[in-house]
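Each chain is listed here by its residues.
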Amino acid sequence: MTGGLHVTPTAAKPGLPARREHWFQPRRSGFRWQQEGLEHVRQLMPNAEPYRAGATFRFTGVTGRVNECDLLIAVPGGVYLLELKGHPGRVVNHGDTWRFHGDRVRTLRNPLHLTDLKAKELKAQLERAAHTAGIPEAKIPFIKPAVFLHDPDPVSELDEFQRTSVCGRDSGTSGLPGIWDGLLGLPPERESWRGGWRSRQP
């Protein structure tokens, strides 16, 4: 009651629907090089259906091992778990040992192997959660591992076996397929797999 007048609250006007977020990253990476690689993929990914991405997260596998993941991304061609590596210089391999010759020599094992293990453990956790929620396990997608060498100017001399599922930047000089044009932007191998929400595992 104001000055003898009864004031009726005005009904809230309906607004625009909330903008659906397609890129989930609660906080920026603590590593500048890693965040630069993530931003490269984010700028290429359409902010539309059916694209979804989750960056820099951890999960505990059924073995109790804590898995640190750089990027999980769903695109029309499937679902990928990406391991980002920003080492500069020329990369060569001896077996599954990689050496980056840049300002200094950096040596590591082919990161695809560990990423493949993480992808399998993540799928197992999703299957357990689906079982608890009464969701058919067939709806859980096959998660494919890949490695993204995102330094602007790497030169790949990896052999034909070690370069499997390894990508560089689009329009880069690495000699590797572009992360978007050569992997994430490709159509599904079968139309029934579109969106990546149908399992490819036997």
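Residues numbered from 1 in each chain as written. Predicted model: local features only at pLDDT ≥ 70, side-chain atom pairs only at ≥ 80, totals over all residues. Heavy atoms only, no water.

Structural notes on the side chain of lysine 118
- Along the chain, lysine 118 falls in helix α2 (residues 111-133).
- Exposure remark for lysine 118: the relative accessible area of 7% places this residue in the buried category.
- When near neighbours in sequence (up to four residues on either side) are disregarded, lysine 118 contacts Phe59, Asn67, Glu68, Cys69, Leu81 and Glu83. (Helix = DSSP H or I, 4+ residues; strand = E, 2+ residues; numbered from the N terminus. Buried < 20%, exposed > 50% of the residue type's maximum accessible area, 1.4 Å probe, protein only. Contact = heavy atoms within 4.5 Å.)

A look at the layout of surface pockets
- Taken as a whole, the largest pocket spans an internal volume of roughly 380 Å³.
- Of all the secondary structure elements, the ones that give two or more residues to the lining of the largest pocket are α1 (32-44), β2 (52-60), β3 (66-75) and β4 (78-85).
- Per-class residue counts for the lining of the largest pocket are five nonpolar, four polar and eight charged. (1 Å grid on protein atoms, 1.4 Å probe; cavity = no way out; pocket = protein on both sides within 12 Å on 5 of 7 lines; lining within 4 Å. Points joined across faces, edges and corners; volume = space filled by probe spheres on them. Nonpolar A, V, L, I, M, F, W, Y, C, P; charged D, E, K, R; others polar.)

Details of unusual backbone geometry
- Backbone torsion omega between glutamate 49 and proline 50 reads 0°, so that peptide bond is classified as cis.
- Even without a glycine there, the phi angle at threonine 56 is positive, about 45°.
- With respect to the helices and strands, threonine 56 occurs in strand β2.
- In this structure threonine 56 comes out as partly exposed when scored by relative accessible area, which is 25%.
- Residue serine 165 is not a glycine yet carries a positive backbone phi of 60°.
- Counting through the fold element by element, serine 165 comes out in the loop between β9 (155-156) and β10 (166-167).
- Classification of serine 165 by relative accessible area gives partly exposed; the value is 34%.

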